[in-house]
Amino acid sequence: MVLFIPGIAFIAMSAVSAPCCHKVAADVVGGQDTAATEAPSYLLFWRSPEQAPDLIKAIGEQGDGQTRLLGFGVPCATFVQEKQIPDSIHQAFAVARQRNLAVMLHFDFHIEWPNRPDLWNWFDPNKPGYNPNNRRNVEWFCWDGPPAKARYLNWGEAQKMPPPVCFTSKAVRAEWTRLIHDVIAPPLNKELALLEREGKGQLFAGILVGSEPAFDNYNHTDPETAKLIATDGAPTGQLGYRALLDRGFSKDHPPADIHHALGEIIQETVAFWCKAFAHAGLPTQRLYPHIPAGADLETTSAPVASAFNSWSRPGWSTYPVGPLQHDFQTIYDELRKHGSPTWGGVEANAGFPGTLVDWESYLAWHYNHGANLVAVNIGATGTDLPALLEKSAFSPEALAAYRKFLKGEKLQEKLISADLPLKRIRSKMDTLQAAFRRWQAAGRDPAPIGHFVEDRPPALLQANKLGEAEALIDEAIKRLDEKDDERK
């Protein structure tokens, strides 16, 4: 999940490409397999192992155990949970064997690291971990700094976190290598060997590598996050200059296209993680990066192509919004450029306000086009968005689609009508988002008008009161336009 605007539930995405500004490392240009389809295929839910019995009961089907499998995925904040990782892995696989469920593991290497001030505290000598050299381990706002003191994210609710990781930091990369080789791989390889001896190797769905790595741009964010940044008096602007410096760029030698250069660093970083897993003995055909499909480069600097490398299959978040609201053509086009490898929708849910696609068509956009894995997400921050995602993921429509897939039946894709009110509302949401960004770029605060659409539209959409929701969005756009006219 990249960017959530309260009341709009908008993930900032657009299909953008740019010319290459320098050679890409060999590890990031290829792909390990080119099969468009391959058994088994997985339907997963990001749920704890303890919730496995409830998941089985809710879905009512588990597949045939060989070609189509139901399963669960276990997220792990790797830095924070380092000491618990071996036990967590063993527990997850024990439940998988006991319940005949597939299991996937997710390792985050760059979002959650509050317990490692020894790597990020460059600015407060009165707190643990202080070392001024840590400024090289976090991201910078410009060629001369300042380094960031915090990161701001909104996955349903704006939050402040430790500074963003510098993906190119040698100290950070040494820790990533240690965690993968010494902490994660030993218990995981032990469990995989046990599955193979038992003839149950298909129960291992794979590893989700990273958590939508991006270079934040605080000139392009939502009103709630912008308000939090302003309250803290934190800098705004594009992050990523520390990584660019590490890769040989400078004020006197800037990249021809900053977002493309940062995108290449993201791709190379994901390849670094996947290569480390491969060298630790994990199968490359079970590794999936976590890239937001069609991400807006102005916001994340993470192009859809950054999911491809020589050490994994491609994997994306596939929420049906932005350029993915009508179909997954953005993904299909990129897959064809790379030989049509098997891929995964590693963070998925059709349940955002204003979604145009039905659940069966949504699953078909994956499985009918070469995906062998869909992992349904219901996690977010705050209370409203998680509730909305959960309600959709376990709705009668969704359950019927899951069961159809797990029974081996062909999923049907329905065309989205151009006259749908929801399609019109989505277009107006995009217009509103563009206006918010225009205000932020001009140094103006759109939060008061943002709050105007913060609460009511989602509730109205859920109640199918589309006319009232559209009227509120129209009013917000009108207010923004009127304020623009006043300044002329």
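Bear in mind the structure is a predicted one, so any value in this text is a computation, not a measurement. (Residues numbered from 1 in each chain as written. Predicted model: local features only at pLDDT ≥ 70, side-chain atom pairs only at ≥ 80, totals over all residues. Heavy atoms only, no water.)

**Looking at the overall build of the protein chain**
Each helix and strand counted, the protein chain has 16 helices and eleven strands in total. By residue count, 58% of the 488 residues in the protein chain fall in the buried class. For the protein chain, the share of sequence-separated contacts (at least 6 apart) that also reach a separation of at least 24 residues comes to 78%. Split by element, the accessible area of the protein chain, about 19,100 Å² in all, is 51% carbon and sulfur. (Helix = DSSP H or I, 4+ residues; strand = E, 2+ residues; numbered from the N terminus. Buried < 20%, exposed > 50% of the residue type's maximum accessible area, 1.4 Å probe, protein only. Contact = heavy atoms within 4.5 Å. Areas by Shrake-Rupley, 256 points an atom, 1.4 Å probe, with all protein chains shown as cover.)

**Some remarks on the nonpolar core**
Among the nonpolar cores identified, the biggest contains 120 residues, and Leu 43, Phe 107, Leu 188, Phe 277, Trp 316 and Tyr 402 are the most heavily contacted of them. Ignoring anything within four residues of it in the chain, the contact list for Leu 188 reads Ile 89, Phe 93, Leu 105, Phe 204, Ile 207 and Leu 282. (Core = buried A, V, L, I, M, F, W, Y, C linked by side-chain atoms within 4.5 Å.)

**Some words on the side chain of Ser 169**
Tracing the sequence through the fold places Ser 169 in the loop between β5 (158-161) and α4 (170-197). From its side chain, Ser 169 meets the backbone nitrogen of Ala 171 in a polar contact 3.3 Å long. Polar contacts involving the side chain of Ser 169 include one to the main-chain amide nitrogen of Val 172, which spans 3.2 Å. Once you skip the residues sitting within four places of it in the chain, Ser 169 turns out to touch Arg 136, Asn 137 and Asp 246. (Polar contact = N/O pair within 3.5 Å; in protein donor to acceptor, adjacent residues only side chain to side chain.)

**Let's talk about the pattern of salt bridges**
In total, this model carries 19 salt bridges according to the counting rule given. With its nearest N and O atoms 3.4 Å apart, the salt bridge here joins Glu 390 to Arg 47. Remark: Arg 47 occurs in the loop between β1 (41-46) and α1 (52-59) and Glu 390 occurs in helix α11 (residues 384-393); sequence separation between them is 343 residues. Take Glu 390: its relative accessible area is 32%, and that puts it in the partly exposed class. For Arg 151, the salt bridge is made with Asp 216, and the minimal N-O distance between the two is 2.6 Å. Of this pair, Arg 151 sits in strand β4 (residues 151-154) while Asp 216 sits in the loop between β6 (204-209) and α5 (223-232); the two residues are 65 residues apart in sequence, bridging distant segments of the chain. Residues Arg 151 and Asp 216 agree in their burial class; the two are buried. One salt-bridge network, in which partners are shared between bridges, spans Glu 82, Arg 116, Asp 118, Glu 175 and Arg 178. (Salt bridge = Lys/Arg side-chain N within 4 Å of Asp/Glu carboxyl O.)

**Points about the environment of Leu 262**
Considering the arrangement of structural elements, one finds Leu 262 in helix α7 (residues 258-279). Considered as a pair, Leu 262 and Ala 214 are 48 residues apart in the sequence and their alpha carbons are 8.6 Å apart. Once residues within four sequence positions are removed from consideration, Leu 262 is found in contact with Phe 215, Gln 238, Leu 239, Gly 240, Leu 244 and Ser 301.

**What to know about α1**
The set of residues buried in α1 consists of Ala 52, Leu 55, Ile 56 and Ile 59. Within α1, the buried residues cover an arc of 100 degrees as seen down the axis, which keeps them to one side. Counted as exposed and oriented over 90 degrees from the buried face of α1: Asp 54 and Lys 57. Residues of α1 that are buried in the fold lie against β1, β2 (68-77), α2 (85-99) and α12 (396-406). One or two steps after α1, the chain reaches Gly 60, where phi turns positive at roughly 80 degrees. (Arc of directions from axis to C-beta.)

**Overview of the pairing of strand β11 (residues 371-376)**
Across the six residues that make up β11, a large majority, six, are buried. Two strands pair when backbone bridges link them, and β1 and β11 are joined in this way by four bridges, in the parallel orientation. The residue of β11 that forms the bridge with Leu 43 is Val 374. (Pairing = 2+ DSSP bridges.)

**So, the packing of aromatic side chains**
Inspection of the entire model under this criterion finds 24 aromatic pairs. Relative to Phe 272, the ring of Trp 176 lies with its centre 6.2 Å away and its plane at 55 degrees, an arrangement referred to as tilted. With Trp 176 in helix α4 and Phe 272 in helix α7, this pair connects stretches of sequence that are 96 residues apart. By the ring-pair criterion, three or more aromatic residues cluster together here, those being Phe 45, Phe 328, Tyr 332, Trp 359, Tyr 362, Trp 365, Phe 394 and Tyr 402. In this arrangement the basic side chain of Arg 242 is found over the ring face of Trp 140, its NZ or CZ atom lying 4.8 Å from the centre. The ring of Trp 439 carries the charged tip of Arg 444 above its face, separated from the ring centre by 3.8 Å. (Phe/Tyr/Trp six-rings, centres within 6.5 Å; stacked < 30°, edge-to-face > 60°. Lys NZ or Arg CZ within 6 Å of the ring centre and 35° of its normal.)

**Points about the sheet that holds β2**
With respect to topology, nine strands assemble into an open sheet ordered β7-β6-β3-β2-β1-β11-β10-β9-β8, the strand pairing being parallel. On the outer flanks of this sheet lie β7 (287-289) and β8 (291-292), each paired with one strand and no other. Along the sheet face, α12 touches β1, β2 and β11 and points at about 145 degrees away from the line of β1. (Axes fitted to C-alpha atoms, helices over the stretch in contact; angles between N-to-C directions.)

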